[in-house]
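A structural walkthrough
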Amino acid sequence: QPLPDLLSAQPATTLPRLVQERPVNDFVISSVSYAYPAVPGDARASLATALGTVETALTRASEAGIPTFILSTCLRIEIAFPTPIDRLDELLTLLFEEAPTSQGSVHRSGSDAVEHLFRIVAGLESPVIGEREILIQFRQAAAAAVEHGDANGTFRGLFDAAIATARSVRKE
């Protein structure tokens, strides 16, 4: 089966290998994507400069009590956090000093945010479908979030499930 069919075969309403009885719709998560090709390279570079190192950004978020996941690569900046989307501007202001208004950014919440993270780590959002580097980058970003003590419980389980699903998709 092609990779997209394998991932779409996963139930969209639950997190595989996570808390199976807890529907995604009950899990509060929000995310913002600044990704190629919707956000041009120069805009992503400016955002990455404003963000600073992922380590520094995670420290700022942790000190503010906002658990945060940040994936920053040459093609994307993905930020996710287990809070309602109405706190998005607060988090982005904290991370970037002012909330970026980058054209092409996409805000997601609930099952849309979860599905997007799973698609990223599986390589389905990459220019070369199924590329493996994103799995390594995602795993490193998840580990950084855990190191800051922010990725606990279901939020951490989401990363573990996404990584396990990506490995499973690649094996199929």
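The structure displayed is predicted, hence computed values, not measured ones.

Side note on the sheet that holds strand 1 (residues 30-35)
Read from one edge of the open sheet, four strands run 2-3-1-4, paired in antiparallel fashion. Edge positions in the sheet fall to strand 2 (69-72) and strand 4 (106-109), since each of these pairs with one other strand and no more. When the angles between neighbouring strand axes are averaged without regard to direction, this sheet yields 10 degrees. Together, strand 1, strand 2 and strand 3 (76-81) form the strand contacts of helix 2 (residues 41-51), whose direction differs from that of strand 3 by roughly 50 degrees.

A few points about the pairing of strand 3
In regular strands, side chains alternate between the two faces of the sheet. Summarising burial for strand 3: six of the six residues are buried, a large majority. Judged by which residues are buried, strand 3 turns out to be covered on both faces: Arg76, Glu78 and Ala80 on one side and Ile77, Ile79 and Phe81 on the other are all buried. Pairing analysis gives six bridges linking strand 1 to strand 3, with the strands arranged antiparallel. Across the sheet, residue Ala35 finds its bridge partner in strand 3, namely Arg76. Pairing between strand 2 and strand 3: four bridges, direction antiparallel. Within the sheet, the bridge partner assigned to Phe69 lies in strand 3 and is Ala80. Counted between consecutive antiparallel strands, the loop separating strand 2 from strand 3 contains three residues.

What counts and how
Just so you know, the residues in each chain are numbered from 1, in the order the chain's sequence is written. pLDDT decides what is reported in this predicted model: residues at 70 or higher carry local features, side-chain atom pairs at 80 or more are listed and counted, and totals for whole chains, interfaces and linings draw on all residues regardless. Side-chain metrics in this entry use all non-hydrogen atoms of the structure; hydrogen atoms and water are not considered. Pairing between two strands requires that DSSP report at least two bridges joining them. The helix count covers DSSP runs of H or I at least four residues long, the strand count covers runs of E at least two residues long, and both are numbered beginning at the N terminus. As a rule, the C-alpha atoms of each element are fitted with a line to give its axis, helices using only the stretch in contact, and angles between N-to-C directions run from 0 to 180 degrees. The contact criterion used is simple: two residues touch if any of their non-hydrogen atoms lie within 4.5 Å. Accessibility here uses a 1.4 Å probe with only protein chains present; expressed as a share of the type maximum, an area under 20% marks a residue as buried, one over 50% as exposed, and anything in between as partly exposed.

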